[in-house]
Amino acid sequence: MKVLVAVKRVVDYNVKVRAKADGSDVDLNNVKMAINPFCEIAVEEAVRLKEAGTATEVIAVSVGDKACQEQIRTALALGADRGIQVETDGAVEPLVVAKLLKGVVEKEQPQLVILGKQSIDGDNNQTGQMLGALAGMPQGTFASEVVIDGDTVNVTREVDGGLQTVALKLPAIVTTDLRLNEPRYASLPNIMKAKKKPLDVFTPADLGVEVTTHLTQVSVEPPAERQAGIKVEDVDQLLDKLKNEAKVI
Amino acid sequence: MSTLVIAEHDNATLKGATLNAVTAAQALGADIDILVAGAGCDAAAQAAAAVAGVNKVLVADNAPYEHQLAENVSLLIAEVGAGYDYIVAAATANAKNTMPRVAALLDVAQISEITSVESPDTFKRPIYAGNVIATVKSTDAKKVITVRGTAFDAAAAEGGSASIEAVDSAHDAGISSFVGEEVAVSDRPELTAASVVISGGRGMQNGENFKLLEGIADKLNAAIGASRAAVDAGFVPNDMQVGQTGKIVAPDLYIAVGISGAIQHLAGMKDSKVIVAINKDEDAPIFQVSDYGLVADLFDALPEFESKL
């Protein structure tokens, strides 16, 4: 079984991103970039399927400019077999990413596509579901457990009230939630080996996709600042403030 | 101009999140219809018809929609939604699952988790864990939107008298099926609807210690939440997680206990009206957003707080 994993290059999760003073965009100068944490979980899941003998090949794909090859190499160091970059001028919208991934799915015919549930930059939570609709594939989003059973995959999902399990006919889409697994660290020998693994580059035109724009960012601004309040001395003072000043209890 | 609001419900009851979505829909300025897709969902449809400001309730009562499987429901919404300018839903786990499929079927963008309507085509939404608020303009003729519930007041659940119309359309994609669910049963209010939330973090040390929060939660009729650190450490289940990738809450009172205040956690609670932080580290970032900070060992402070409430 072939598994396709999508990875995205994003600002490292430790970075506190700010809006530029003129409000034109976020300030990403000299900011540390990394693989999106949910995508890392997706790679780990795919590699575990290979180690368990369920998957035969793991392909890591990313959409973006040349810099995203760094994240593809990270996925290869974690255990993916080969990489695909779909070259675009910087970021494109989730709908376009989904169309490009559909093009890759048609080329590679994977039985399972694993993606992160959302990227921590745009916080959109869309791409996996959109790919599912475009490719006519079922989806197990926000997955905390993935079990392959013949031509079916059972996915346990994190939902509002608890957990839900669905059975999906392969080929299927899985998007990862936090508790699916704990990703490994890449070892130095594997990082060296990853540099030699194959990495193909396609353009949107190669995949028959037109890059369109549906949303334009008008401006960005910092959120309303919350002022730090006071420190109370003890529990009595805290209760007094909550009762008599804030009037919330 | 017309707007289709997708109801969040469990067939028997209409969920409160739907009311926040209706308020967001009102800000769009178009006539509002509600779609209730489910099986045996007549009670939910009746409740939707009573919501103030709603024109018409469309009910698709069919077996393939019973468990809100995205593969089936998205086909229905795309079909029914074809006649509307806006398709709007509260950003619940169900809508997050289904609505992007709807958008892709209609070949339009989804505008996720809007927090305000600036004009009929321009919206604000948080990005980067809420560290930045983006204003975005949609150029699609039809707009698929999810709404952050905490940013919009609930519409009145009573006072409306919408007509109810059946939609006779049973889409079964035949590629997915419901196996089962484990839903936490609790007498406490839902996290996203509670007026008081008390959350524990890594400082709680283990799941057993969350009992210290329960007594206080009982007295305040509060929901209990947790930081990602507490979930990752296995103290409590993920559906209790408050934060960027968990639940977004904005209660009247939020009590953060043993939570340092990582930006990912703040993203989920900083719009709360009053924030209390209890932490023994006086330099913890949570104190920068709290109205009342108590530097104390939570194992001393919590029992005292509970006994004096």
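Small disclaimer: the values here were computed from a predicted structure and weren't measured.

Can you help me understand helix α3 (residues 70–81) of chain B in this one?
Most of α3 of chain B sits inside the fold, with ten of its twelve residues counted as buried. Buried within α3 of chain B are the following residues: Ala70, Glu71, Asn72, Val73, Ser74, Leu76, Ile77, Ala78, Val80 and Gly81 of chain B.

Mind showing me how you'd approach the pairing of strand β7 (residues 122–127) of chain B here?
Every other side chain in a regular strand lies on the same face of the sheet, so the side chains alternate between the two faces. Residue and element names in this part refer to chain B. Here β7 lies mainly inside the structure; six of its six residues are buried. Burial along β7 is two-sided: Thr122, Lys124 and Pro126 and Phe123, Arg125 and Ile127, pointing in opposite directions, are all buried. Here three bridges tie strand β6 (residues 116–119) to β7, and the two strands are oriented antiparallel to one another. Bridged to Val117 within β7 is Phe123. Between β6 and β7, which pair antiparallel one after the other, the connecting turn spans two residues.

Help me understand the sheet that holds strand β10 (residues 163–166) of chain B, please; the structure alone is not making it clear to me.
The strands making up a sheet associate through hydrogen bonds between their backbones, and the pairing can be parallel or antiparallel. Residue and element names in this part refer to chain B. In space, the seven strands of this open sheet follow the order β5-β9-β4-β1-β2-β3-β10, with parallel pairing throughout. Every other strand in the sheet has two partners, leaving β5 (110–114) and β10 as the edge strands with one partner each. The sheet shows a mean angle of 25° between the axes of neighbouring strands, direction not considered. Of the strand pairs in this sheet, strand β2 (residues 31–38) and strand β3 (residues 56–61) are connected by six bridges, and their pairing is parallel. Within β3, the position partnered with Ile34 by the bridge is Val57. Across the sheet, helix α2 (residues 42–49) lies against β2, β3 and β10, angled at about 170° from β3, the strand it touches most. Contacts between α3 and the sheet are confined to β1 (2–6), β2, β3 and β4 (86–90), with β2 contributing the most and set at about 155° to the helix.

It is not clear to me how the packing of helix α3 (residues 94–108) of chain A against helix α4 (residues 127–135) of chain A should be interpreted in this structure. Could you clarify?
Relative orientation and spacing of two packed helices are given, respectively, by the angle between their axes and the distance between those axes. All names here are of chain A. For the pair α3 and α4, the least separation of the axes is 8 Å and the interaxial angle reads 50°. Comparing the axis directions of α3 and α4 gives the class oblique. In this structure, α3 crosses over α4, and the sense of that crossing is right-handed. Here Pro94, Leu95, Val97, Ala98, Lys99, Leu101, Lys102 and Val105 of α3 lie close against α4, whose contacting residues are Thr127, Met130, Leu131, Leu134 and Ala135.

Can you help me understand the nonpolar core in this one?
Side chains of nonpolar character tend, in soluble globular proteins, to be buried together. Val61, Val86 and Val113 of chain A together with Ile6 and Leu76 of chain B are the most contacted members of the largest nonpolar core, which has 47 residues in total. With residues near it in sequence (within four places) discarded, Ile6 of chain B still touches Leu35, Ile77, Ile87, Val88, Ala89 and Met99 of chain B. One finds Val31 of chain A together with Leu19, Val54 and Ile127 of chain B within the second-largest nonpolar core, a separate group that totals 43 residues.

What should I look at first to understand unusual backbone geometry in this one?
In terms of backbone geometry, most residues other than glycine have negative phi values and most peptide bonds are trans. In this structure, Pro171 of chain A follows Leu170 of chain A across a cis peptide bond, with omega equal to 0°. With respect to the helices and strands, the residue Pro171 of chain A is situated in the loop between β9 (162–169) and β10 (172–176). A positive phi is found at Gln68 of chain B, a non-glycine position, where the angle reads about 60°. Within the secondary structure layout, Gln68 of chain B lies in the loop between β3 and α3. Using a relative accessible area of 13% as the deciding quantity, one classes Gln68 of chain B as buried. Of note, the phi angle at Gln205 of chain B is positive, near 75°, even though the residue is not glycine. With respect to the secondary-structure elements, Gln205 of chain B resides in the loop between β12 (196–200) and α5 (211–220).

So what exactly am I meant to see when it comes to the packing of aromatic side chains here?
Per the counting criterion, the structure on display carries zero aromatic pairs over all chains. Over the face of the ring belonging to Phe142 of chain A we find Lys117 of chain A, whose NZ or CZ atom lies 5.8 Å from the ring centre. Lys231 of chain A extends its terminal NZ or CZ atom over the ring of Phe287 of chain B, reaching a point 4.7 Å from the ring centre.

For this particular structure, what's the right way to read the interface of chain B and chain A?
It is common to give the size of an interface as the accessible area lost on bringing the parts into contact. Listed by partner, the interface residues are 85 residues for chain B and 81 residues for chain A. Carbon and sulfur atoms supply 55% of the area buried between chain B and chain A, which totals about 6700 Å² over both sides. Its largest share of buried area at the contact with chain A, chain B owes to Arg101, Tyr128 and Tyr292 of chain B, together 11% of the area lost on that side. Joining chain B to chain A, the criterion identifies four salt bridges. With a shortest N-O distance of 2.9 Å, Lys308 of chain B and Asp236 of chain A are connected by a salt bridge. Taken together, the connections running from chain B to chain A amount to 47 residue pairs in polar contact (both at pLDDT 80 or more). Counted by class, the side of chain B that touches chain A contains 39 nonpolar, 24 polar and 22 charged residues.

Explain the sheet that holds strand β8 (residues 132–138) of chain B here, please?
Pairing is antiparallel in the open sheet, where four strands are placed in the order β12(A)-β8(B)-β7(B)-β6(B). Sheet topology places β12 (215–221) of chain A together with β6 of chain B at the edges, where each strand pairs with a single neighbour. Each strand of the sheet is rotated relative to its neighbour by a mean of 35°, with strand direction disregarded. Looking at chain direction, β7 of chain B and β8 of chain B are connected through six bridges and run antiparallel. Note that in β8 of chain B the partner of Thr122 of chain B across the bridge is Lys137 of chain B.

Can you help me understand the state of the cysteines in this one?
Such a bond, covalent and formed between the sulfur atoms of two cysteines, is termed a disulfide. Residue and element names in this part refer to chain A. Within the structure shown, the criterion is met by zero disulfides over all chains. No disulfide involves Cys39; its nearest neighbouring cysteine sulfur is the one of Cys68, lying 11 Å away. Classification of Cys39 by relative accessible area gives buried; the value is 6%.

Here is what the cut-offs are and how they apply
- Residues numbered from 1 in each chain as written.
- Chains lettered and ligands numbered in written order.
- Predicted model: local features only at pLDDT ≥ 70, side-chain atom pairs only at ≥ 80, totals over all residues.
- Heavy atoms only, no water.
- Buried < 20%, exposed > 50% of the residue type's maximum accessible area, 1.4 Å probe, protein only.
- Helix = DSSP H or I, 4+ residues; strand = E, 2+ residues; numbered from the N terminus.
- Pairing = 2+ DSSP bridges.
- Axes fitted to C-alpha atoms, helices over the stretch in contact; angles between N-to-C directions.
- Contact = heavy atoms within 4.5 Å.
- Parallel < 35°, antiparallel > 145°, perpendicular 65-115°, else oblique.
- Left-handed = near helix turned anticlockwise from the far one by under 90°.
- Core = buried A, V, L, I, M, F, W, Y, C linked by side-chain atoms within 4.5 Å.
- Phe/Tyr/Trp six-rings, centres within 6.5 Å; stacked < 30°, edge-to-face > 60°.
- Lys NZ or Arg CZ within 6 Å of the ring centre and 35° of its normal.
- Buried area = accessible area lost by both parts, 1.4 Å probe.
- Salt bridge = Lys/Arg side-chain N within 4 Å of Asp/Glu carboxyl O.
- Polar contact = N/O pair within 3.5 Å; in protein donor to acceptor, adjacent residues only side chain to side chain.
- Nonpolar A, V, L, I, M, F, W, Y, C, P; charged D, E, K, R; others polar.
- Disulfide = S-S within 2.5 Å.

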